[in-house]
Amino acid sequence: MFSPEMEKIDRKVLREMQLERLKHIVRYCYENVPMYKNRFDAIGLKPEHIKTLKDIELIPYTTKDDLRDNYPFGLFAVPMKKIIRLHASSGTTGKPIVGGYTRADLDNWSTCIARILSMAGATDEDIFQVSFGYGLFTGGFGLHYGVEKLGATVVPMSSGNTERQLMLMRDFGATALIATPSYAMYLAETAKREGILKDLKIRLVCMGAEASTAETHESLQKLFGAFPTENYGLTEVGGPGVAGECREKAGMHINEDMFYPEIVDMEHNKVLGEGEQGEMVITTLVKEGMPVLRYRTKDITSLTFEPCKCGRTTARMSRVVGRTDDMLIIRGVNVFPSQIESVLMGMDELGKTYEIIVDRVNYMDTLEVHVEVDDASLLTDYFKLEELVAKIKHKLRVVLQIDVKVKLVEPFSIKRSEGKVKRVTDLRKK
C-alpha cells in the first residue's frame, strides 16, 4: 500500500476526519467562491449549520452547467498567482470545464494516483507507458505525476501513433500500460495482428477516462495477458484518482480523505444507503484551487463500506453501469450502452469493437448494433452467420427486453479511436 495509515484507517476515525474537512471546505467555499455564497444566502444556509456529515444534504448540488456558466475562472477560490496548473475538458458540447490547481492540489492529486496504481499491483520497478493524451485533458499529466510519485519509470508517450506505441513498448520493456479501455484493446489487437504480442512485457493495464465492463476486462486480459484495472475520476473534481480497483477487483476504493461520496436518487432527492444504486455525488474535501460541493457526476453506481479482502477499509464504488445523460430510451425502455457491451464482449466469436446506431423510422425508435467478427471467414458462411446473428439478438433481447437489429462486419472495419471512444450515434437528434 502506498498510504497504509490512510488506506487501512478505522472508519470511525475517518468519519471524524471527513466531518472536520467538510466543515472547513464549506466555510472556505462560502468565503472565497461567490457562487456558493450567493446560493447559501438565497436559502438561508450558513457554514455553521453543517454540524454532522448528514448535514451535507442541506447544501445545493453543483452541476456541469454551473461550471460552464462560471467559465473560465469564476469558481476559483484563490488568486491566479496561486494557481500553477490549468486543465480543461474537451468542450465538445459547449464551453470547456476548467480546473485550477495549487501546488498542494497537485501534491494531493499525485498521491491519489500513486495509491490507485499501488492498488493495481504496481511498484517502483515498473515502467509505465502513458498512452493518455497530454495537454488540457487531465488524464495524461494526472497519471504521469502519480507514476513518478510512486517511484516508477514514466514513458510519456501520449495517445496516437499506434505503430510507434508498440515499438517503444517493446524496445523500452514497458511493464504497465495506461490507456482508455478502447485504445488498450486496439493496441492489443494490433500487436496480435502484427505478431509481436509475445515480445511485449506488459503485466498491468490501468484504464480510465471511459467506463468499461467486466467482460471487456476479461477479453483484454485474455488478449494481452495482463492484469486490467479501472480507475475513476472526472475533470470537474480534479481528474483521475478519485477511486481505483485493487487486485481483488471488488469495486474501486475511494480516496475518502480527499473526496466525500454520496449516492443519490435524484428523482426523489434522497441519499441512498449501502448497496443501493443511484447517481454519484462528490464533494472535494481538500481542494484549494477549485473546491466543489456536491457535484452531480451523472454516473450511476453504488457504494459498499465493508472492509475489502485486500485489507483496505475505504469505501468502494461499483463499476459505473451508465450515465443518466447517456441512457437511451428506446420505445419506452431504458437502455445503457454498457448492457450491450457486456453481451458482445462475452462472445468469443466477436471482435472487440462495435457501434450502436439509434434512429426513428415511421415514428418508431430503432436500435441497431454493428459488431466485428473475430474471424472474417465467418462472413462467407451464410448458415453460421445467420446462426450467430440470431444468438446475439436473443442475448440482447434477454438483457434489454427489446428487439435489436444486428449487423456483423469484417475485423478492423469499424473506425478506432485513440482517445475517448464514441460508441453511440443517435440519428434521432438530426
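Residues numbered from 1 in each chain as written. Predicted model: local features only at pLDDT ≥ 70, side-chain atom pairs only at ≥ 80, totals over all residues. Heavy atoms only, no water.

*Asks:* Could you give an account of the sheet that holds strand β12 (residues 278-284), with specific residues and numbers?
*Replies:* With antiparallel pairing, the 5 strands of this open sheet are ordered in space as β11-β10-β12-β13-β16. Of all strands in the sheet, those bounded by a partner on one side alone are β11 (270-271) and β16 (322-323). Alignment of strand β10 (residues 259-265) against β12, held across 6 bridges, turns out to be antiparallel. Among the inter-strand pairings, E262 is bridged to a residue of β12, identified as V281. (Pairing = 2+ DSSP bridges. Helix = DSSP H or I, 4+ residues; strand = E, 2+ residues; numbered from the N terminus.)

*Asks:* Mind laying out the nonpolar core, listing which residues take part and the relevant values?
*Replies:* Core analysis: the biggest nonpolar cluster contains 48 residues, and Y232 and M317 have the highest contact counts within it. Where this core is concerned, the elements lending two or more residues are α2 (11-32), α3 (34-43), β7 (227-234), β8 (239-245), β9 (252-254), β10 and β12. With 7 residues, α2 is the single largest residue contributor to this core. Setting aside chain neighbours within four positions, we find M317 in contact with Y232, A243, G251, M252, I254, M280, T301, S302 and L303. Counting residues in hydrophobic clusters, the runner-up holds 27 residues, among them I340, L350, Y354 and L388. (Core = buried A, V, L, I, M, F, W, Y, C linked by side-chain atoms within 4.5 Å. Buried < 20%, exposed > 50% of the residue type's maximum accessible area, 1.4 Å probe, protein only. Contact = heavy atoms within 4.5 Å.)

*Asks:* An account of unusual backbone geometry is requested, with residue identities and associated values reported.
*Replies:* The omega torsion across Y71 and P72 is -5 degrees, close enough to zero to call that bond cis. Relative to the assigned elements, P72 resides in the loop between α4 (64-69) and β1 (85-88). If you check the backbone angles, F412 has positive phi at about 65 degrees while not being a glycine.

*Asks:* Requested: an account of the pattern of salt bridges, with residues and values cited.
*Replies:* A complete count under the given rule lists 27 salt bridges for this structure. The salt bridge partner of D66 is R39, with a shortest N-O separation of 2.5 Å. In this pair, D66 sits in helix α4 while R39 sits in helix α3, placing the two residues 27 residues apart along the sequence. For D66, a relative accessible area of 8% corresponds to the buried category. Owing to a relative accessible area of 27%, R39 belongs among the partly exposed residues under this scheme. (Salt bridge = Lys/Arg side-chain N within 4 Å of Asp/Glu carboxyl O.)

*Asks:* Describe helix α8 (residues 181-194), naming the residues involved and giving the relevant values.
*Replies:* With 14 residues, α8 should reach 20 Å at 1.5 Å per residue; the first-to-last C-alpha distance of 20 Å fits that figure. Counting buried positions along α8 yields 11 of 14 residues, so the element is predominantly enclosed. Turning to α8, its buried residues are P181, S182, Y183, A184, M185, Y186, L187, A188, E189, T190 and A191. Buried-residue contacts for α8 involve α7 (162-171), β5 (176-179), β6 (204-207), α9 (214-224) and β19 (350-361). Directly after α8, the chain includes G195, whose backbone phi takes a positive value near 75 degrees. (Expected span 1.5 Å × (residues − 1).)

*Asks:* Can you explain empty space enclosed by the protein? Please cite residues and give values.
*Replies:* Going through the model one piece at a time under the given rule, you end up with 3 cavities of 30 Å³ or more. In this model, the largest cavity occupies a volume close to 120 Å³. In this structure, the largest cavity is lined by 16 residues; those nearest its centre are D105, W109, V237, F259 and K287. Put simply, the parts of the chain that give the lining of the largest cavity at least two residues each are α5 (103-120) and β8. The dominant element in the lining of the largest cavity, judged by the number of residues it contributes, is α5, at 4 residues. Of the residues contributing to the lining of the largest cavity, the split by class is 9 nonpolar, 5 polar and 2 charged. (1 Å grid on protein atoms, 1.4 Å probe; cavity = no way out; pocket = protein on both sides within 12 Å on 5 of 7 lines; lining within 4 Å. Points joined across faces, edges and corners; volume = space filled by probe spheres on them. Nonpolar A, V, L, I, M, F, W, Y, C, P; charged D, E, K, R; others polar.)

*Asks:* Pulling in residues and values, what's your account of the side chain of T216?
*Replies:* Summarising the element assignment, T216 is placed in helix α9. You can call T216 buried: its relative accessible area is 5%. In this structure T216 touches P181, M185, E341 and M345, once residues within four positions along its chain are discounted.

Distances and angles like these do not, on their own, reveal function.
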